[in-house]
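# Chain and residue survey
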Amino acid sequence: MDALDRLAEPGLDLLTRVDTLLAAGAPEGHRLWPLLRRMQVLPGVAVREFLELHPAPLTGAGHAVRRLVRGYDDTCAVLADPVAWSGSAAGAYDEARGALLRHLDEGPESLVGRLESTAGYADALAAWVESSRAALARALAEVLGSTEAVTVHAAVRPGVEAGPAGASAAAAEIATRVLGVLGVAYDGAETLLRQWGPSLAETTWRDRAGTAPRYGGTTRIGS
């Protein structure tokens, strides 16, 4: 359990009240409006969904992918063993063996290269989740201790039909802080995808000349 988990219950209680107030509208011209248009979600709903993100499954996925590399290493070791025969058949086998070795484990576009990139991407996502959860926890701690929180709690409670003046503005301030942090987090996720995307692309079989082999006039690409 991290800081965000510990703040989840009081944080969601406050943000549910904030959502209730904002459902009736936010102050005109408030800086919350651009965030609402961009995120298209109220802060309570956004935080509730974000709470489902945890770094551990992503870290575990990275470890699992790296374990797969060992199998490729074993296969490459077998392929690398010299053969005790010669002739045209041996030469053809040696050429095919070399091509397969390159496809399996030579450079970032090989199968092993793609596995390592996938594991690295999982690790980067895990770090992003961890840092984003910490930032959101700090934001929740700040709004929970704010004067705006007192106003919102007084405005939205059983038996109270109309809260104190300024409740909508207080809710908008809290929502701005929370959605602002989530907006930064989502920007970070998009940046990671742009950075890692090229190294996660599907790899293709390439012969020694670096082109896909041709059979019967058509190009067949294996993985």
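Computed from a predicted structure; not experimentally measured.

## A look at the overall build of the protein chain
- Helix and strand counts for the protein chain stand at eight helices and two strands.
- Overall, the protein chain shows an N-to-C arrangement of helices and strands of α-α-α-α-α-α-α-α-β-β.
- Of all 223 residues assigned to the protein chain, the portion counted as buried reaches 35%.
- Partitioning the contacts of the protein chain with sequence separation of at least 6, the portion at a separation of at least 24 is 78%.
- Accessible area for the protein chain stands at about 12700 Å²; split by element, carbon and sulfur atoms hold 57% of it.

## Observations concerning the confidence of the model for the protein chain
- Chain-level statistics for the protein chain give a pLDDT mean of 84 and a share of 87% at 70 or above.
- Between residues 209-223, whose pLDDT stays under 50, and residues either more than four places distant or in other chains, the model counts 16 contacts.

## Notes on the packing of aromatic side chains
- Tallied over the full model, the rule gives three aromatic pairs.
- With a centroid separation of 6.2 Å and 75 degrees between ring planes, the pair formed by Phe-50 and Trp-128 is classed as edge-to-face. Here Phe-50, found in helix H3 (residues 43-50), pairs with Trp-128, found in helix H6 (residues 111-144); they are 78 residues apart in sequence, far enough to count as distant. The exposure classification of Phe-50 matches that of Trp-128, with both residues buried.
- Ring centres of Tyr-121 and Trp-196 lie 6.3 Å apart, and the angle between their planes is 45 degrees; on these two criteria the pair is classed as tilted. Of this pair, Tyr-121 sits in helix H6 while Trp-196 sits in helix H8 (residues 167-196), placing them 75 residues apart in sequence.
- A residue is classified by how much of its surface remains accessible, and Trp-196, at 23% relative accessible area, is partly exposed.
- Through pairs of rings, three or more aromatic residues link up here, namely Phe-50, Trp-128 and Tyr-186.

## Concerning the side chain of Ser-146
- Counting through the fold element by element, Ser-146 comes out in the loop between H6 and helix H7 (147-155).
- A distance of 2.6 Å separates a polar atom in the side chain of Ser-146 from the backbone oxygen of Val-143.

## Brief notes about H7
- Regarding H7, the residues found buried are Glu-148, Ala-149, Val-152 and Ala-155. Burial along H7 is one-sided: seen end-on, the buried residues are contained in an arc of 130 degrees. Away from its buried face by more than 90 degrees, H7 exposes Thr-147 and Val-150.
- On its buried side, H7 packs onto helix H1 (3-22), H6 and H8.

## Side note on the nonpolar core
- Counting residues in each nonpolar core, the largest one holds 41 residues, and the members touching the most others are Val-18, Leu-22, Leu-32, Val-47, Val-152, Ile-174 and Leu-182.
- For this core, the secondary structure elements donating two or more residues are H1, helix H2 (32-39), H3, H6, H7 and H8.
- Here this core takes eleven residues from H8, the largest share from any one element.
- Those residues within four positions of Val-152 in sequence are excluded, and the remaining contacts are Leu-14, Arg-17, Val-18, Leu-21, Ala-167, Ala-170, Ala-171 and Ile-174.
- Judged by nonpolar contacts, the second largest core, of five residues, contains Val-65, Val-112, Leu-115 and Ala-119.

Each value, and the rule that gives it
- Residues numbered from 1 in each chain as written.
- Predicted model: local features only at pLDDT ≥ 70, side-chain atom pairs only at ≥ 80, totals over all residues.
- Heavy atoms only, no water.
- Helix = DSSP H or I, 4+ residues; strand = E, 2+ residues; numbered from the N terminus.
- Buried < 20%, exposed > 50% of the residue type's maximum accessible area, 1.4 Å probe, protein only.
- Contact = heavy atoms within 4.5 Å.
- Areas by Shrake-Rupley, 256 points an atom, 1.4 Å probe, with all protein chains shown as cover.
- pLDDT = per-residue confidence, 0-100.
- Phe/Tyr/Trp six-rings, centres within 6.5 Å; stacked < 30°, edge-to-face > 60°.
- Polar contact = N/O pair within 3.5 Å; in protein donor to acceptor, adjacent residues only side chain to side chain.
- Arc of directions from axis to C-beta.
- Core = buried A, V, L, I, M, F, W, Y, C linked by side-chain atoms within 4.5 Å.

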